[in-house]
Amino acid sequence: MYHSKPIHFKTAIPALVIALALWIVLTFFQGHFLYKNGDMSLFLFDWDFFKEAFSIPGGFLGWVGSFFSQFLLIPWIGALLWTLLLLLAWWKTVQIFKIPDKLSALAALPVGLLIIANMSLGYSIYYLQCHDYFFAPVIGYLLMIGIMDATWRLKGTAAKIAFIFASAFGGYCLAGVFALAGVIAAGIGTAAAPDSKDFKGHIWERYAVSAAAAVFCAAVPFVLYRLFTSFSIADSLLMGLPNFTILEWAQSVRLPYWLLFGLTAAMAIARPYFANAESDGRKMALFNPAITLAAIIATSVFWFKDDNFKAEIKMSLAAERNDWQKVIDIFETATAYNPDKEEKKYKDMAHELANANDEETYSQIIRIYNGKISRPTRLMVILRDLALLKQGKALDKAFAMQDGGKKQESKFPIVNSIEAGQLVFFNYGAVNIGYHWCLENQVLLGWSYSSLRAMTSYAVIMNESEFAAKFLDKLDKTLFFRKWSREQRVLANDVQAMSSAQPYKDILPYMCFENRMAEYDDGDCEIFLVNHFFKNRSNWSTPEFDRAALLWAMRYKDSVMFWKALAQYFTTNNPEHLPKHVQEAALLFCSIENEDLGITFDKEVLDGFTHFQEYVQKYGVNSNTIYRLWRNFGDTYYYYYFVTNVYSFKFN
Amino acid sequence: MKKIALYLCVILSVAACADSPKGNLVKIGESVCIFPDYSEVTIPRNIAPTNFVIDNDADAYRTILTNGDVSVTKSGRKICFGSKDWNRLTNGTGNAISVQIQLKKGAQWGALEPFNIYLSDDSIDQYITYRRIPVAVESYEILDMCQRDITNFKEKIFFSNTMVQDNESGTCVNCHHCGNYSASKMQFHVRQFKGGTVLAINGELRKVNMKTDSTMSAGVYPSWHPTHDYIAYSNNKTHQSVHAMSHDKLEVIDEENDIILYNINENAVSPIETDSSELECFPAWSADGRTLYYVSAHYEAPFGPERKSRIFLDRKNLHFNLYAKPFNPDTRTWGPHYLVYDAEAADSSMTWPRLSPDGRYMMTCISTHGIFPIDQIASDLFIFDFKNGTARKATEINSQYAESYHVWSSNSKWIMWSTRREDGVHTRLYFSHIDENGNFSKPFALPQKNPEFNRTNLFAFNIPEFMTEPIGISAREFAEFISENDAVPAAFESKRETDESGVLITTDYRVDGTTSASAIGKGQASEEMYLH
């Protein structure tokens, strides 16, 4: 008779403690990441949505995964569910493989791989094509070891082969390769059980079961490939695994799963030997702590850690909630620095640059220090500028805060339109461009709560109520966005109400431009926006549009654009007092062009600029002086103009 | 067990009585609101059940459908028919199904004004094909080519790009088309990865690369010759761009267009119209195959990298006129083209000519400018009646949104087209009947098993085609053929054309784009003249 191995409470204590720690870390330090994952997923309480799950092998696993993923929108609940499922995976691993207490940490290895698979994602979530990513793998793993358990429990060769057949075909349809991996491991485990009490068949019977597992697993993709039209034969062994739009990325992200399958098969082989290890207690005393520590270290090493990634997500989420002050606060927290440490980095850089013998070394040093010196990514700057514009502070503060273009900690470059194009373009009133990016993303990655909401907003602000209804009908079938959907439905059918409701109220003033065909912008929001504010001008304008146009002229460091935008700014904003950065820019361009346009400047601005000129004349701008220059003049437009080099593109 | 059944019967009877109107019904003043709107439409008797959902607010619903002595009663908001009920209704003695919707509001039952679903004895082709495509500009992860049996709800994917492409190498599929409504003469294009034009002729598959040194691109928009083994194609250099601020989201423009003829038996292409100052597109054969209709816009701009941006700026000045070009299919000889409809004079643009198989009608799209009607809200359907000599906008079937991709049924009694009338963005398939006087009936949506399908589905359905038979080749057979075979290059044939004085000229095109023409002589040409 097959017995599951009982687990002693003492054995479970470390697992419970680690699970609790994991839940705390996830909830309090990774809530933004969990929410983002949840927001990029979709589960509809809808029969068609359920049926759709069966259009692809592994689709049902995805459907279950999506069901759980929606709870990531409340991070502590999502974290709790995931942690409990991981704990269950550990517990069932110990039970099914009959891992003795002294070796119970072995069961932490598959769990560690499952954690790494999720928490190492980082920027790759923007290319992730699955709604179910967070939960499907752990559920797939449970199904996998469940198949093994059931196979081993069954008595008789025929029953085992019949079950393996059903698991291979049915399991593949429902859970993709997780089921096949379970069948293979069950077959391997059956063959490698010389002294198993569970199955007293002759050796040929054991090999018959294994051979059946191998044959069915080999046959299933080729047979079912003919029933489905949703995948190519080359992809048949990837069904149920996460997919990405970038192949190399997919390969590296799938690595934990291949290791998981290999490890499970290895444990299936080792299962009969675990019983002997039980009695050899003293030799194994350090085994559990050592393995647990190794698993924690490995998980920690592969856990994606990047403050800018975190800040980008948090800022985007705050912007979606129209909480612009929070966007600025997150930016300031993320770019806060210790002046002493920062100075040391600059000095080290200057020292290394002084010793650089060739241009290649010089560039490499710059690259290294670009990663070390605290700098925001362009997306962070874009979102911060947007927040400042919404608050009417951009022309006073945009250049006083940190700037730069730190490269994302990503294996592959990610254009900021993919990350946040739908949000940025929408808030600048370029609604069709946001719509375009949202649609492209949904074709590549599938519909999500986020894209359904974005599409609704585009339709609502364009007064396309029938189009909005399409997405609202979907959102009505979600658990967490029904209320939002009801509110938006009212706005979709009432232009007056829409124009006085947020976020539309603040966006409509930006929609005062001529229609134009969008030019190819390489996915860079800034290229589009610079072009947008200078090519799409209509006969009428709003103060908001002209403030943004002036900011983008200054950002692009183009005096012709600046003077045009300033003239327009005077017309619509009629300012009594020019904002600080506008004065600095006007002073700078007057100085460069040797013009006196009769603009009255504040004394502080005049003094600051004079001081800057003297400083530069005296010390120059080089690696030795850059830190001091930044400390003294880093909050001015002319520092940005002369020192900050963020644009490599040319204005068309 | 028997007791349970008895109780159930009693409960159901009581429930049914409780929700049934008693006595005279009050007339409810509000108008009938059903989706899809099947009120007062004309449908063929062999169409699938026109399931619909009632959008009028009520606490309970009861719908009575009658045709002669046949009556079917349905309860609930969603009215879905089983095939038995539907067959009884459509084969009833009358020419219309009368539909009365009764609503219960509070304790009071009332009735809406009844409406009719008219039944036409003109049958409709059993199958349609279409491309199911996500609404997007650049991405095409999932493109399915489907065949639907429209006498029921069975849909079959006959090819999907997901069966061929991999992560990094995308495959686009488009422009499926068949000759004479037959599954034994069909073609579609596979672009990029494993690309080529796939022809399935009498069960034999062929993948062809129609791009030659003398043509600007592979074949694009096809028109299968009705009597001979030719397919006319346009050549297109297509670009698309997003409108920054417009209800039209997208603009699709061809930088260059030509028209070519593919000779199936010779696997060779020859030019038809290749004037570099004209953008010729959308070839369409007349019913007898002796005239090729097409559209063309005059456009002059230097060729080079700037041409693309220039043409986008000039997009509103691109007005396509309708032309015809005589053809002798036996000798593959063309006559000089002539103008059929001067759309430019009306400051509009005519595209997508499609002729009815009986030769009486031609339907086109008409819009303000440009070549891609599906992305223009202003695009309407336009009908030429050659019998009556009239040309007019088909106002009775146009909507406030884009109409495009129309096609005639094989008996010329029905048209099907893609329309965005429901939400302005997602194209849906609609039908209309044309009577002896050339008038269209009220359009109706392709019936769906779930009547709310069009509301909830986020794909678009375009390039519909009627077919009279099921496609015998499976999706896997197509996929394996496409994956395992390279496209066979098409040869290039010279163009044979008579000028206005009847002199036959053959024209060869060289790789560098220049041409050499040689006149054969009027006497020689006259024997090969087309009949016009």
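Residues numbered from 1 in each chain as written. Chains lettered and ligands numbered in written order. Predicted model: local features only at pLDDT ≥ 70, side-chain atom pairs only at ≥ 80, totals over all residues.

Comments concerning the overall build of chain A
Here comes step 1: A tally of helices and strands in chain A yields 32 helices and 0 strands.
Here comes step 2: Looking at chain A as a whole, 48% of its 652 residues qualify as buried.
Here comes step 3: In chain A, the proportion of contacts linking residues at least 24 apart, taken out of those at least 6 apart, comes to 73%. (Helix = DSSP H or I, 4+ residues; strand = E, 2+ residues; numbered from the N terminus. Buried ≥ 20, exposed ≤ 12 C-beta atoms within 10 Å, placed from the backbone. Contact = placed C-beta atoms within 7 Å.)

Some remarks on the overall build of chain B
Here comes step 1: Of regular secondary structure, chain B possesses 6 helices and 40 strands.
Here comes step 2: Relative to a compact globule of 532 residues, whose C-alpha radius of gyration would be 24 Å, chain B shows 26 Å and is just as compact.
Here comes step 3: Residues counted as buried form 45% of the 532 residues belonging to chain B.
Here comes step 4: Across chain B, contacts joining residues at least 24 apart in sequence account for 57% of those joining residues at least 6 apart. (Rg over C-alpha atoms; globule rule 2.2 N^0.38 Å.)

Concerning the interface of chain A and chain B
One frequently used descriptor of interface size is the decrease in accessible area upon assembly of the parts.
Here comes step 1: If you look at the interface, chain A gives 35 residues, while chain B gives 37 residues.
Here comes step 2: Broken down by secondary-structure element, the contributors of at least two residues to the side of chain A that touches chain B are α11 (247–279), α20 (431–445) and α22 (465–475) of chain A.
Here comes step 3: Take the side of chain A that touches chain B: its biggest share by element is 8 residues, from α20(A).
Here comes step 4: Split by residue class, the side of chain A that touches chain B holds 17 nonpolar, 9 polar and 9 charged. (Nonpolar A, V, L, I, M, F, W, Y, C, P; charged D, E, K, R; others polar.)

Focus: the packing of helix α5 (residues 75–96) of chain A against helix α7 (residues 136–153) of chain A
Residues and elements named next belong to chain A.
Here comes step 1: Viewed as axis vectors pointing N to C, α5 and α7 meet at an angle of 20°, and their least axial separation amounts to 10 Å. Between α5 and α7, the crossing angle belongs to the class labelled roughly parallel. Crossing of α5 against α7: the hand is left-handed. Contact residues: α5 offers Leu 85, Leu 86, Leu 88, Ala 89, Lys 92, Thr 93 and Ile 96, while α7 offers Val 138, Ile 139, Tyr 141, Leu 142, Ile 145, Met 148 and Asp 149. (Axes fitted to C-alpha atoms, helices over the stretch in contact; angles between N-to-C directions. Parallel < 35°, antiparallel > 145°, perpendicular 65-115°, else oblique. Left-handed = near helix turned anticlockwise from the far one by under 90°.)

Some words on unusual backbone geometry
Here comes step 1: A cis amide bond, omega 5°, links A:Gln502 with the succeeding residue A:Pro503.
Here comes step 2: Within the fold, A:Pro503 resides in the loop between α24 (495–499) and α25 (504–507).
Here comes step 3: Omega for the peptide link from B:Phe35 to B:Pro36 comes to -15°, which places this bond in the cis form.
Here comes step 4: In the Ramachandran plot, B:Cys175 falls in the positive-phi region, its phi being about 50° despite a non-glycine side chain.
Here comes step 5: Here B:Cys175 is to be found in strand β14 (residues 171–178).
Here comes step 6: The phi dihedral of B:Tyr405 falls on the positive side, at around 50°, and the residue is not glycine.

Overview of the sheet that holds strand β35 (residues 459–467) of chain B
All names here are of chain B.
Here comes step 1: Pairing is antiparallel across the open sheet formed by 4 strands, whose spatial order is β13-β12-β11-β35. Of all the strands in the sheet, the pair left with one neighbour each is β13 (155–160) and β35. Averaged over all pairs of adjacent strands, the angle between strand axes in this sheet comes to 25°, irrespective of strand direction.
Here comes step 2: Pairing of strand β11 (residues 127–134) with β35 involves 7 bridges; the strand directions are antiparallel. Within β35, the residue paired with Arg 132 across the bridge is Phe 461. (Pairing = 2+ DSSP bridges.)

Some words on helix α17 (residues 378–390) of chain A
Here comes step 1: For α17(A), built from 13 residues, the straight-helix expectation of 18 Å at 1.5 Å per residue is met to within 8% by its first-to-last C-alpha distance of 18 Å.
Here comes step 2: Just downstream of α17(A) lies A:Gly392, where phi reads positive at about 75°. (Expected span 1.5 Å × (residues − 1).)

Some details on the sheet that holds strand β34 (residues 444–445) of chain B
For sheets, the rule is that strands pair by backbone hydrogen bonds, running either parallel or antiparallel.
Residues and elements named next belong to chain B.
Here comes step 1: One open sheet holds the 4 strands; their spatial order is β31-β32-β33-β34, and the pairing between them is antiparallel. For this open sheet the edge positions go to β31 (403–408) and β34, each flanked by a neighbour on one side alone.
Here comes step 2: Here β31 pairs with strand β32 (residues 414–419) via 4 bridges, running antiparallel. Note on β32: the bridge partner recorded for Val 407 is Met 416.

Some remarks on the nonpolar core
Here comes step 1: By size, the foremost hydrophobic cluster in this structure holds 330 residues, and its most contacted members are A:Leu114, A:Ala179, A:Leu180, A:Val183, A:Val327, A:Leu383 and A:Leu550.
Here comes step 2: Both domain 1 (2–120) and domain 2 (127–488) of chain B contribute no fewer than three residues apiece to this core.
Here comes step 3: Apart from residues no more than four positions distant in its own chain, A:Leu383 is found in contact with A:Met315, A:Ser316, A:Ala319, A:Val327 and A:Ala420. (Core = buried A, V, L, I, M, F, W, Y, C linked by C-beta atoms within 7 Å. Domains from an automatic or database assignment.)

Things to note about the pairing of strand β9 (residues 108–111) of chain B
Residue and element names in this part refer to chain B.
Here comes step 1: Of the strand pairs in this sheet, strand β1 (residues 26–27) and β9 are connected by 2 bridges, and their pairing is parallel. Residue pairing for β9: Val 26 is matched across the bridge by Gly 110.
Here comes step 2: Taken together, the 4 bridges between strand β8 (residues 96–105) and β9 define a ladder with antiparallel strand orientation. Note that in β9 the partner of Lys 104 across the bridge is Trp 109.
Here comes step 3: In sequence, β8 turns back onto β9 through a hairpin of 2 residues, with Gly 106 there showing a positive phi of about 70°.

Examining the domain arrangement of chain B
Residue and element names in this part refer to chain B.
Here comes step 1: When its domains are assigned, chain B resolves into domain 1 (2–120) and domain 2 (127–488).
Here comes step 2: For domain 1 and domain 2, the distance between their C-alpha centroids amounts to 39 Å.
Here comes step 3: On the domain 2 side, the residues contacting the 19 residues of domain 1 number 17 residues.
Here comes step 4: Contributions of two or more residues to the side of domain 1 that touches domain 2 are made by β3 (41–44) and β4 (52–54).
Here comes step 5: Per element, the largest residue contribution to the side of domain 1 that touches domain 2 is 4 residues, and it comes from β3.
Here comes step 6: The class makeup of the residues in the side of domain 1 that touches domain 2 is 12 nonpolar, 5 polar and 2 charged.

Some remarks on the confidence of the model for chain B
Residues and elements named next belong to chain B.
Here comes step 1: Per-residue pLDDT for chain B has a mean of 88; in total, 91% of the residues score no lower than 70.
Here comes step 2: Long-range and interchain partners of residues 12–17, a stretch whose pLDDT sits below 50, account for 0 contacts in this model, where long-range means more than four residues apart.
Here comes step 3: When the criterion is pLDDT under 50, residues 520–532 qualifies, and its contacts beyond four places in sequence or with other chains add up to 30 contacts. (pLDDT = per-residue confidence, 0-100.)

Quick look at the environment of B:Ala491
Residues and elements named next belong to chain B.
Here comes step 1: In this fold, Ala 491 is placed in strand β37 (residues 491–492).
Here comes step 2: On the neighbour-count criterion, Ala 491 (12 C-beta atoms within 10 Å) is exposed.
Here comes step 3: Placed 223 residues apart in sequence, Ala 491 and Ala 268 show a C-alpha to C-alpha distance of 4.3 Å.
Here comes step 4: Those residues in contact with Ala 491, other than ones at most four positions away along the chain, are Glu 266, Asn 267 and Ala 268.

Let's talk about the confidence of the model for chain A
Here comes step 1: Of the residues in chain A, 94% reach a pLDDT of 70 or more, and the chain-wide mean stands at 88.
Here comes step 2: Considering only residues more than four positions removed or in separate chains, one finds that residues 648–652 of chain A, a stretch of pLDDT under 50, has 7 contacts.

What to know about the packing of helix α19 (residues 416–427) of chain A against α20(A)
All names here are of chain A.
Here comes step 1: Where α19 meets α20, the axes come as close as 7 Å, and the angle between the chain directions of the two elements is 150°. Taken together, the axes of α19 and α20 are roughly antiparallel relative to one another. Both α19 and α20 take part in a crossing whose hand is left-handed. Where α19 abuts α20, its residues Ser 417, Ile 418, Gly 421, Gln 422, Phe 425 and Phe 426 lie against Val 431, Ile 433, Gly 434, Trp 437, Cys 438 and Asn 441.
Here comes step 2: Each residue belonging to the contact of α19 with α20 can be placed in one class, and the counts come to 7 nonpolar, 5 polar and no charged.

Here we look at the pairing of strand β12 (residues 144–149) of chain B
All names here are of chain B.
Here comes step 1: Counting buried positions over the 6 residues of β12 gives 5, a clear majority of the element.
Here comes step 2: Judged from the 5 bridges that link them, β12 and β13 form a sheet pairing that is antiparallel. Its bridge partner being in β13, Arg 148 is matched across the sheet by Glu 155.
Here comes step 3: Hairpin geometry of β12 and β13 is characterised by an intervening segment of 5 residues between the two adjacent antiparallel strands.

Observations regarding the environment of B:Arg88
Residues and elements named next belong to chain B.
Here comes step 1: For Arg 88, the location among the structural elements is in helix α2 (residues 83–90).
Here comes step 2: Arg 88 gets classed as partly exposed once you count the C-beta atoms within 10 Å, which come to 17.
Here comes step 3: Note: C-alpha distance between Arg 88 and Ala 343 (255 residues apart in sequence) is 48 Å.
Here comes step 4: If we ignore the near neighbours within four places in the chain, the residues touching Arg 88 are Val 70 and Val 72.

Describing the environment of A:Ser316
Residue and element names in this part refer to chain A.
Here comes step 1: Here Ser 316 shows up in helix α13 (residues 307–320).
Here comes step 2: According to the C-beta neighbour criterion, Ser 316 is buried, with 24 such atoms within 10 Å.
Here comes step 3: Residues Ser 316 and Leu 423, spaced 107 residues apart in sequence, show a C-alpha to C-alpha distance of 7.7 Å.
Here comes step 4: Sequence-distant contacts of Ser 316, defined by excluding residues within four places in its chain, comprise Leu 383, Ala 420 and Leu 423.

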